[in-house]
There are 2 protein chains.
Amino acid sequence: MKLFHSANSPFVRQCLVAAHELGLAERIELVPAAAHPINRDRAVVEKNPLGKIPALITDDGSVLHDSRVIVDFLNDLGGGDLVPVGDARWSALTGQSLADGMLDAAVLARYETALRPEALRWNDWLQGQLEKVASGLLELESRAMHFGDRVDIGTIAFGCMLGYLDFRFAQLEWRESHPNTAAWFTWFGGRDSMVATKAPSA
Amino acid sequence: MKLFHSANSPFVRQCLVAAHELGLAERIELVPAAAHPINRDRAVVEKNPLGKIPALITDDGSVLHDSRVIVDFLNDLGGGDLVPVGDARWSALTGQSLADGMLDAAVLARYETALRPEALRWNDWLQGQLEKVASGLLELESRAMHFGDRVDIGTIAFGCMLGYLDFRFAQLEWRESHPNTAAWFTWFGGRDSMVATKAPSA
């Protein structure tokens, strides 16, 4: 399998963490990609018309995206239990959706401050995105104390989201006001799968 | 069940189309919501920290989001076959991801032109988002001729995406250059589930 990859993408990281947890990491060849919302990477667009990463090329040549689909596929391929069944399924999937939505907001906040020309920035927009992150962190704080040793699509997504905040939004200092989440992430972030996939400059 | 709802949201529509196809529409009470990226709807935020719709309150009080999770849940509840199994699963899920990514891009393009103050608009950003829609339409054009009578998470997402383009981006006139897609949508858009969920002003 081949995975269009950037070491800085939290969505790519979700796939890699899942692959490590499932023992599949060595079967995935990483293909460097420069996904960008304006200067689109043509090699990626050819496989995924959205030009976004991650995108996975399976051994039979099929193209799968996005991270949710790829993690689900890897779990199936590896016969894993990262996708809970029964009632726990909906809570885990909604957790994944919350973490992904926080990441979407954080990435839009970053585009607003690091990509858009300074004269065209809109503070109301930036604050709206950061509010989503803040509301999500509050919700996570009430959930994290019940995570126990869960390793699934939900906790993997939360872990990669927190790693991205540390990487790009260190000034938020989220640990100070979210002690339960901080305690959980000390454990989860120390897993081999997380250590092996940390952004190099983080 | 209660669904936070706006008649204009293509993501809400995916849930409603699925509910109609599954015979569950009458079990869902629609709760009007004014989701907005800056002026967030506090009633929604209380249930979904992202402040986004759709969000579903199940009969036992659980909150589920986003549209992918809700459609998956409804399919399970209704014992439906909107989520294919086996190899067809990954193609359908990637189709859903493509349609959702096109919608995300279209919604960002709309925010750029209809919400952001005129002096702060960035044409490069707008064009980048519209390119994603255009590349996605090209891909869909090569797929649509093979859809047959498939009604699943993939085709529902494509249908709602095309409905949104008709609603908000009629000037794209996508039918002219995408005849296979146009032919398919003439059929799919005429389904009872699509007619019952069309945006009132479209």
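Here is what the cut-offs are and how they apply
- Residues numbered from 1 in each chain as written.
- Chains lettered and ligands numbered in written order.
- Predicted model: local features only at pLDDT ≥ 70, side-chain atom pairs only at ≥ 80, totals over all residues.
- Heavy atoms only, no water.
- Phe/Tyr/Trp six-rings, centres within 6.5 Å; stacked < 30°, edge-to-face > 60°.
- Helix = DSSP H or I, 4+ residues; strand = E, 2+ residues; numbered from the N terminus.
- Lys NZ or Arg CZ within 6 Å of the ring centre and 35° of its normal.
- Expected span 1.5 Å × (residues − 1).
- Buried < 20%, exposed > 50% of the residue type's maximum accessible area, 1.4 Å probe, protein only.
- Contact = heavy atoms within 4.5 Å.
- Buried area = accessible area lost by both parts, 1.4 Å probe.
- Salt bridge = Lys/Arg side-chain N within 4 Å of Asp/Glu carboxyl O.
- Polar contact = N/O pair within 3.5 Å; in protein donor to acceptor, adjacent residues only side chain to side chain.
- Pairing = 2+ DSSP bridges.
- Domains from an automatic or database assignment.

### Brief notes about the packing of aromatic side chains
- Tallying each qualifying case throughout the model produces 18 aromatic pairs over all chains.
- Consider the rings of Tyr 111 of chain A and Trp 125 of chain B, whose centres lie 5.7 Å apart with planes at 65°: the pair is edge-to-face. Placement of Tyr 111 of chain A in helix 4 (residues 87-115) and of Trp 125 of chain B in helix 5 (residues 123-144) is noted, with the two residues assigned to different chains.
- Ring pairs connect the aromatic residues Phe 147, Phe 158, Trp 174, Trp 184, Phe 185, Trp 187 and Phe 188 of chain A, which therefore count as one cluster.
- Taking NZ or CZ as reference, Arg 89 of chain A lies 5.2 Å from the ring centre of Trp 90 of chain A, over its face.

### Points about helix 5 of chain B
- A rise of 1.5 Å per residue sets the reference length of helix 5 of chain B, with its 22 residues, at 32 Å; its end C-alpha atoms lie 31 Å apart and thus fit the reference within 8%.
- If you check which residues of helix 5 of chain B are buried, you get Trp 125, Leu 126, Gly 128, Gln 129, Lys 132, Val 133, Ser 135, Gly 136, Leu 137, Leu 140, Glu 141 and Ala 144 of chain B.
- Looking at the buried residues of helix 5 of chain B, the elements they touch are helix 2 (42-47) and helix 4 of chain A together with helix 4 (87-115), helix 6 (153-168), helix 7 (174-177) and helix 8 (179-188) of chain B.

### Topic: the interface of chain B and chain A
- Taken together, the contacts link 44 residues of chain B with 44 residues of chain A.
- With both chains or domains summed, chain B and chain A bury close to 4100 Å², and 62% of this area falls on carbon and sulfur atoms.
- Inspection of the region where chain B meets chain A yields 10 salt bridges.
- Put simply, Asp 66 of chain B and Arg 68 of chain A hold a salt bridge, and the shortest N to O gap is 2.7 Å.
- Where chain B meets chain A, there are 20 residue pairs in polar contact (both at pLDDT 80 or more).
- Sorting elements by how many residues they give to the side of chain B that touches chain A places helix 4 of chain B first, with 12 residues.

### As for the sheet that holds strand 4 (residues 63-64) of chain A
Residue and element names in this part refer to chain A.
- If you walk across this open sheet you meet the 4 strands as 2-1-3-4, and the pairing is mixed. What marks the edges here is a single partner per strand, and that holds for strand 2 (29-32) and strand 4.
- The pairing of strand 1 (residues 2-5) with strand 2 spans 4 bridges and is classified as parallel. Paired with His 5 across the bridge in strand 2 is Pro 32.

### Considering the pattern of salt bridges
- Scanning all chains against the criterion turns up 22 salt bridges over all chains.
- Notably, a salt bridge pairs Asp 72 of chain A with Arg 89 of chain B, separated by 2.4 Å at the nearest N-O pair. Here Asp 72 of chain A is found in helix 3 (residues 67-77), whereas its partner Arg 89 of chain B is found in helix 4 on a different chain.
- A salt bridge links Asp 152 of chain B to Arg 150 of chain B; the shortest N-O distance between them is 2.8 Å.

### Observations concerning the domain arrangement of chain A
Residues and elements named next belong to chain A.
- Along its sequence, chain A is carved into domain 1 (2-77) and domain 2 (87-192).
- Using C-alpha coordinates to define each centre, domain 1 is positioned 21 Å away from domain 2.
- At the interface, 13 residues of domain 1 touch 17 residues of domain 2.
- Summed over both partners, the interface of domain 1 with domain 2 comes to about 1400 Å²; 65% of that surface belongs to carbon and sulfur atoms.
- In this assembly, domain 1 and domain 2 are joined by 2 salt bridges.
- Counting the contacts that link domain 1 with domain 2 gives 3 residue pairs in polar contact (both at pLDDT 80 or more).
- Those elements giving two or more residues to the side of domain 1 that touches domain 2 turn out to be helix 1 (10-22) and helix 3.

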